[in-house]
Amino acid sequence: MANRKRIPSETQKQVLLKSRRRCCLCFWLNGIDDVVKGQIAHLDQDSSNSSFENLAFLCFEHHDEYDSRPNVSKGLQQPEVTQWRDELYKEMEYRFRSVRERKVEVSIVRFEPVEHRKTFRLVFRLKNVGQATIVNATLSIRLPQNVTANSPRKQTRRKSSDSFINMGLDLSGFEMQEIFGFHECTEDFFEPGGRVATYDMHAINQGLLPDHSLEITGLGFRSDEFQDGTDLCLEYRVDANDMDPQRGTVSRQIPTGLEWVLQDPEKYGLPRNITLEELEAKIDESADDQPRPNIEEDF
């Protein structure tokens with residue numbers, strides 16, 4: 001045929017991927033759910049019309065039958081084949097779509113007071129709630145004006161001499177820097193050239209399995225600039241391999257009074273799961289054999 005045009009390679013690829021090389025007529029009429037050898041048919045039998053909507057992958061036998069259908073008999077009709085093709089596409093999409101879903105949740109787990117509550121930092125949880133491993137994830141937090149990416153240090157310091165003592169190195173007095181944590185940079189994620197704190201899982205070469213989570217500590221807050229009992233809201237974005245960027249907002253109420261003790265009860269020699277009511281009762285206990293929790297220095 002003089003007017004026959006070659007189907008563009010990109011269109012051919014779409015048809016083959018959508019059909020998974022199944023013949024829609026074999027699939028629905030004969031119950032054959034196998035990859036077959038075949039050709040791409042023009043549904044209107046106009047070989048110059050190579051639009052995606054006008055094409056269907058058919059086995060050799062059904063392609064010959066369709067192209068040679070007689071006008072007077074009830075052979076394969078265009079609306080019928082088009083319907084079976086569309087139904088096949090839906091079936092293949094349903095069958096293969098959910099197994100590779102990637103999705104994460106970000107939350108604020110707790111507040112960590114530092115320097116007798118002059119400053120505090122946050123503990124975030126990044127959880128994989130999808131069905132595929134999250135690889136090379138990066139958590140980005142939009143930094144408000146009075147928040148830093150640098151996490152305030154707790155009182156206890158770890159000396160580098162502890163790690164290098166067997167190497168004969170005198171590094172006493174040198175404080176080890178945090179290798180993993182948030183780092184401040186400028187990105188256009190939330191606003192042009194905005195301040196962003198990023199935590200990069202590339203650094204630890206870690207993948208996050210489905211239904212697993214990772215706790216991340218960081219950011220620096222001055223307590224005199226954030227009132228107890230108010231809601232702290234932060235915008236975030238998560239990027240990872242083979243996953244569209246996911247954005248959202250996390251919020252949590254800043255603790256008040258003794259609620260700060262519940263953020264890290266073991267620091268005060270208390271059980272990890274102690275409730276506020278149990279803590280208040282323990283403080284009110286006046287018996288000599290029930291010592292009060294040592295929290296006066298912070299509260």
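What counts, and at which threshold
Residues numbered from 1 in each chain as written. Predicted model: local features only at pLDDT ≥ 70, side-chain atom pairs only at ≥ 80, totals over all residues. Heavy atoms only, no water. Helix = DSSP H or I, 4+ residues; strand = E, 2+ residues; numbered from the N terminus. Buried < 20%, exposed > 50% of the residue type's maximum accessible area, 1.4 Å probe, protein only. Contact = heavy atoms within 4.5 Å. Areas by Shrake-Rupley, 256 points an atom, 1.4 Å probe, with all protein chains shown as cover. Patch = residues over 30% accessible without salt bridge, like charges linked within 9 Å, V, L, I, M, F, W, Y side chains within 5 Å. Salt bridge = Lys/Arg side-chain N within 4 Å of Asp/Glu carboxyl O. Lys, Arg positive; Asp, Glu negative; His and termini not counted. Charge placed at Lys NZ, Arg CZ, Asp CG, Glu CD. 1 Å grid on protein atoms, 1.4 Å probe; cavity = no way out; pocket = protein on both sides within 12 Å on 5 of 7 lines; lining within 4 Å. Points joined across faces, edges and corners; volume = space filled by probe spheres on them. Polar contact = N/O pair within 3.5 Å; in protein donor to acceptor, adjacent residues only side chain to side chain. Pairing = 2+ DSSP bridges. Axes fitted to C-alpha atoms, helices over the stretch in contact; angles between N-to-C directions. Core = buried A, V, L, I, M, F, W, Y, C linked by side-chain atoms within 4.5 Å. Phe/Tyr/Trp six-rings, centres within 6.5 Å; stacked < 30°, edge-to-face > 60°. Lys NZ or Arg CZ within 6 Å of the ring centre and 35° of its normal.

Some remarks on the overall build of the protein
When helices and strands are counted, the protein shows 7 helices and 12 strands. A buried classification covers 36% of the 299 residues belonging to the protein. The contacts of the protein with a sequence gap of at least 6 include a subset with a gap of at least 24, amounting to 63%. For the protein, the exposed surface amounts to about 18300 Å²; the carbon and sulfur share of it is 45%.

As for a negative patch on the surface
A cluster of acidic residues, Glu277, Glu278, Glu280, Asp284 and Glu285, forms a negative patch on the protein surface. On the secondary structure map, Glu277 appears in helix H7 (residues 276–284).

Structural notes on empty space enclosed by the protein
Under the defined criterion, the tally for this structure stands at 1 cavity of 30 Å³ or more. Estimates place the volume of the largest cavity at around 30 Å³. Around the largest cavity, the lining residues are Val15, Ser19, Arg22, Cys24, Ala56, Phe57, Arg85, Leu88 and Tyr89. At the level of elements, helix H1 (9–19), strand E2 (55–59) and helix H4 (78–97) are the ones that each hand at least two residues to the lining of the largest cavity. With 3 residues, the top contributor of residues to the lining of the largest cavity is H4.

Overview of the side chain of Ser50
Relative to the assigned elements, Ser50 resides in the loop between strand E1 (38–42) and E2. Judged by its relative accessible area of 14%, Ser50 falls in the buried class. Separated by 3.4 Å, the side chains of Ser50 and His42 make a polar contact.

Overview of the environment of Val250
Note that Val250 resides in strand E12 (residues 243–253). Considered as a pair, Val250 and Glu235 are 15 residues apart in the sequence and their alpha carbons are 6.5 Å apart. Apart from residues no more than four positions distant in its own chain, Val250 is found in contact with Val106, Ser107, Ile108, Phe124, Leu232, Cys233, Leu234 and Tyr236.

Focus: the sheet that holds strand E10 (residues 213–222)
Taken in spatial order, the 3 strands of this open sheet run E3-E4-E10, and their pairing is antiparallel. At either end of the open sheet lies a strand with only one pairing partner, and these are strand E3 (104–114) and E10. Pairwise comparison of adjacent strand axes, ignoring direction, gives a mean angle of 25 degrees for this sheet. In this sheet, strand E4 (residues 119–128) lies alongside E3 in antiparallel orientation, the contact comprising 10 bridges. Counted as the bridge partner of Val104 is Asn128 from E4.

What about the sheet that holds E12?
Taken in spatial order, the 5 strands line up as E7-E8-E6-E11-E12 in an open sheet, and their pairing is antiparallel. Two strands close off the open sheet at either side, each with one partner strand: strand E7 (183–187) and E12. The mean angle between the axes of side-by-side strands here comes to 30 degrees, regardless of whether they run parallel or antiparallel.

Some details on the nonpolar core
One finds Phe124, Phe182 and Leu219 to be the most contacted residues of the largest nonpolar core, which totals 34 residues. Mapped by element, the contributors of at least two residues to this core are E3, E4, strand E6 (138–142), strand E8 (194–200), E10, strand E11 (231–240) and E12. With 5 residues, the single largest contributor to this core is E11.

Thoughts on the pairing of E11
The buried count for E11 comes to 7 of 10 residues, which makes it a mostly enclosed element. With 4 bridges connecting them, E6 and E11 associate as antiparallel partners. By the bridge assignment, Ser140 is partnered in E11 with Arg237. Strand direction decides the pairing type here: E11 and E12, joined by 9 bridges, are antiparallel. Looking at E12, one finds that Tyr236 is bridged to Gly248.

With respect to unusual backbone geometry
Not every positive phi belongs to a glycine, and Gln45 is a case in point at roughly 60 degrees. Mapping Gln45 onto the fold places it in the loop between E1 and E2. Looking at Gln45, the relative accessible area reads 40%, which means it is partly exposed.

Quick look at the packing of aromatic side chains
This model, assessed by the stated rule, comprises 12 aromatic pairs. Over the ring of Phe189 we find Arg237, and its NZ or CZ is 4.1 Å from the ring centre.

Here's the deal with the pattern of salt bridges
Summed over all chains, the structure comprises 16 salt bridges. In this structure, Asp33 engages Arg22 in a salt bridge whose closest nitrogen and oxygen atoms are separated by 3.0 Å. Here Asp33 is found in the loop between helix H2 (24–29) and E1, whereas its partner Arg22 is found in the loop between H1 and H2, with 11 residues between them in sequence. When its relative accessible area of 32% is taken as the criterion, Asp33 is described as partly exposed. The exposure class of Arg22 is buried, given its relative accessible area of 13%.

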